[in-house]
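Read off the chains here:
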Amino acid sequence: MTSPLFSPFALRGMRLQNRIVLSPMLMYMAGEDGRVTDRHFVHYGARALGGTGLVMTEVVAVTPRGRISPCDLGLWQDEQVEGLRRLATFAHECGARFGIQLAHAGRKARLEQRPQAPSAIAYADDHAQPEALREAELASLRDDYVSAARRAAAAGVDIVEIHAAHGYLLHSFLCPLSNTRTDRYGGSRENRARFVLDVVEAVRAAWPAERPLAVRMTAIDHHDGGVSEADGLWFAGQLAARGVDLLDVTTGNLVPGYAADVYPGYQVRYAERVRRATGVAVSSVGSLASADLMEEIIGAGRVDLVCVGRELIRNPNWPIECARRAGIDIELPIGTYARASGPYERGF
Ligand SMILES: Cc1cc2nc3c(=O)[nH]c(=O)nc-3n(C[C@H](O)[C@H](O)[C@H](O)COP(=O)(O)O)c2cc1C
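Residues numbered from 1 in each chain as written. Predicted model: local features only at pLDDT ≥ 70, side-chain atom pairs only at ≥ 80, totals over all residues. Heavy atoms only, no water.

Draft legend 1. Representation of the environment of Q267 in the model. Note on placement: Q267 falls in the loop between strand 11 (246–250) and helix 7 (268–278). Sequence separation between Q267 and T250 is 17 residues, and the spatial gap between their C-alpha atoms is 6.6 Å. Excluding its chain neighbours within four sequence positions, the residues that come into contact with Q267 are T250, T251, Y258, S284, V285 and G286. (Helix = DSSP H or I, 4+ residues; strand = E, 2+ residues; numbered from the N terminus. Contact = heavy atoms within 4.5 Å.)

Here it is as structure tokens:
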């Protein structure tokens, strides 16, 4: 039997051994210096050993003020490169590829300093009112994304994902509920998208041509007055036109609470429509913890990659277990792991 889930996939010069992506998940394990710790090494290393095709980090902040918490990873200084290089090197030794998610938390930041956002509108009652970014600050922030991407390239990272969803800075520019600016970064859909697209263009130009660029985008806000599905598809087209190689499609989270139904694969249909409209590779995320469901959505050409979050927290060896259950022979990063399957299953 063939397995779409365990078939290889290429984006520019990056070749994945299977379609399973570790979904970005903030682990709150860094110190104030934003550097990779031993805990990160064990956490990400274990997922690489467990057969995940693409190990993607949690949010990595492009500026100290863009962190969600004081325990976030960062890439605003050269000193932060070495830890990521260690992670990338180990992932490669395991046959995995390694990506990082570049982010700025915007009005969702919870630090001592006031958050920064397109407009001075708080995320929720228990969040501080943000400062509206001035136009000159936007140019400098765009350059922070570029510097972080250059450092990622030096660290041997295979793919950079720009986080433009879940209510963080770039998403909050796109949405009229959080962006009420009257300059050229607010108002029309084109204006609201201007800053995000500036960032994407600048990062693409600085990121090595043979390495792919991804954007985590929101397909719909599920909120009156928010990003509609038509807006999401339009935005996806703009990203495609700027050479983005992977659209990592998610929904909601601009405001607290999730206003749509959640069930296995609840966001697949949005990713599928983005793929159809743009022709660009897509990944889907959200309660995708069944190998059978993943085989179907990849095999039917609905999505290209699947991002797995909480299931890979519960079980870092989940990909190996899926392959084993399906009778698929995959190369194990540690050959001795084979003794936990097949003829050695009884342990002697
Ligand atoms: C603990 C935790 C931390 C998360 N941190 C991030 C993050 O850093 N960046 C991001 O884009 N999404 C983040 N998410 C969302 C996940 O990437 C994913 O979209 C979500 O958990 C749904 O997938 P799942 O049902 O497979 O867990 C986080 C989710 C969890 C549970």
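There is more to say, and it comes next.
Draft legend 2. Examining the site of the ligand more closely. Around the ligand, the surrounding shell holds 16 residues, and the nearest of these are S23, P24, S287, G309 and R310. S287 is positioned such that a nitrogen or oxygen atom in its backbone is 2.7 Å from an oxygen atom of the ligand. Between an oxygen atom of the ligand and a main-chain N or O atom of G309, the distance comes to 2.8 Å. In the complex, 78% of the free accessible area of the ligand, which totals 600 Å², lies under the protein chains. Among the detected pockets, the ligand sits in the largest pocket. Here the residues of the shell around the ligand are counted per class, giving six nonpolar, seven polar and three charged. (Near = heavy atom within 4 Å. Polar contact = N/O pair within 3.5 Å; in protein donor to acceptor, adjacent residues only side chain to side chain. Areas by Shrake-Rupley, 256 points an atom, 1.4 Å probe, with all protein chains shown as cover. 1 Å grid on protein atoms, 1.4 Å probe; cavity = no way out; pocket = protein on both sides within 12 Å on 5 of 7 lines; lining within 4 Å. Sits in = over half its atoms within 2 Å of the grid points. Nonpolar A, V, L, I, M, F, W, Y, C, P; charged D, E, K, R; others polar.)

Draft legend 3. Geometry of the pattern of salt bridges. In this structure the tally under the stated criterion is 23 salt bridges. The salt bridge partner of E201 is R242, with a shortest N-O separation of 2.8 Å. With E201 in helix 5 (residues 189–206) and R242 in the loop between helix 6 (229–241) and strand 11, this residue pair connects regions lying 41 residues apart in the sequence. Classification of E201 by relative accessible area gives partly exposed; the value is 41%. Relative accessible area serves as the criterion here: at 23%, R242 is assigned to the partly exposed category. Residues R302 and E296 are paired through a salt bridge, measuring 3.4 Å at the closest nitrogen-oxygen approach. With a relative accessible area of 23%, R302 lands in the partly exposed category. (Salt bridge = Lys/Arg side-chain N within 4 Å of Asp/Glu carboxyl O. Buried < 20%, exposed > 50% of the residue type's maximum accessible area, 1.4 Å probe, protein only.)

Draft legend 4. Examining the layout of surface pockets more closely. Of the volumes computed, that of the largest pocket is approximately 840 Å³. Residue lining of the largest pocket: 35 residues in total, with P24, M25, H166, R216 and N253 positioned closest to the centre. The set of elements that each furnish at least two residues to the lining of the largest pocket consists of strand 13 (305–308) and helix 9 (310–314). With four residues, helix 9 is the largest single contributor of residues to the lining of the largest pocket. Broken down by class, the residue content of the lining of the largest pocket amounts to 17 nonpolar, twelve polar and six charged. (Points joined across faces, edges and corners; volume = space filled by probe spheres on them.)

Draft legend 5. Structural view of empty space enclosed by the protein. For the structure on display, the rule yields three cavities of 30 Å³ or more. Approximately 80 Å³ is the volume found for the largest cavity. In terms of lining residues, the largest cavity is bounded by L174, R189, R192, A193, T218, V227, D231, G232, W234 and F235. Sorting the residues of the lining of the largest cavity by element identifies helix 5 and helix 6 as the ones contributing at least two each. By volume, the second largest cavity is sized at about 50 Å³. In this structure, the second largest cavity is lined by V21, L22, P24, L54, M56, E161, L246, D248, S283, L305 and C307. Its residues assigned to classes, the lining of the second largest cavity shows eight nonpolar, one polar and two charged.

Draft legend 6. Here's a closer look at the packing of helix 1 (residues 38–49) against helix 2 (residues 81–93). In contact at an axis separation of 9 Å, helix 1 and helix 2 are set at 20 degrees when each is read in the N-to-C sense. Taken together, the axes of helix 1 and helix 2 lie roughly parallel to each other. Judged by the twist between their axes, the crossing of helix 1 over helix 2 is right-handed. Each of D38, H40, F41, Y44, G45, A48 and L49 in helix 1 lies in contact with helix 2, whose residues at this interface are R86, L87, F90 and A91. (Axes fitted to C-alpha atoms, helices over the stretch in contact; angles between N-to-C directions. Parallel < 35°, antiparallel > 145°, perpendicular 65-115°, else oblique. Left-handed = near helix turned anticlockwise from the far one by under 90°.)

Draft legend 7. Spotlight on the pairing of strand 4 (residues 54–61). Burial within strand 4 is extensive, with eight of its eight residues counted as buried. The sheet contact formed by strand 3 (residues 20–22) and strand 4 spans two bridges and is parallel. When the bridges of strand 4 are listed, V21 appears paired with L54. Across six bridges, strand 4 lies against strand 6 (residues 97–103) in parallel orientation. Bridge pairing in strand 6 links V55 to F98. Strand direction decides the pairing type here: strand 4 and strand 5 (residues 73–74), joined by two bridges, are parallel. Its bridge partner being in strand 5, V60 is matched across the sheet by L73. (Pairing = 2+ DSSP bridges.)

Draft legend 8. Focus on the nonpolar core. In this structure, I100, I162 and L247 are the most contacted members of the largest nonpolar core, which totals 91 residues. The leading source of residues in this core is helix 5, at nine residues. When residues no more than four places from it in sequence are discounted, the contact partners of I162 are L102, Y145, L170, V199, V200, V203, L213, A214, V215 and R216. (Core = buried A, V, L, I, M, F, W, Y, C linked by side-chain atoms within 4.5 Å.)

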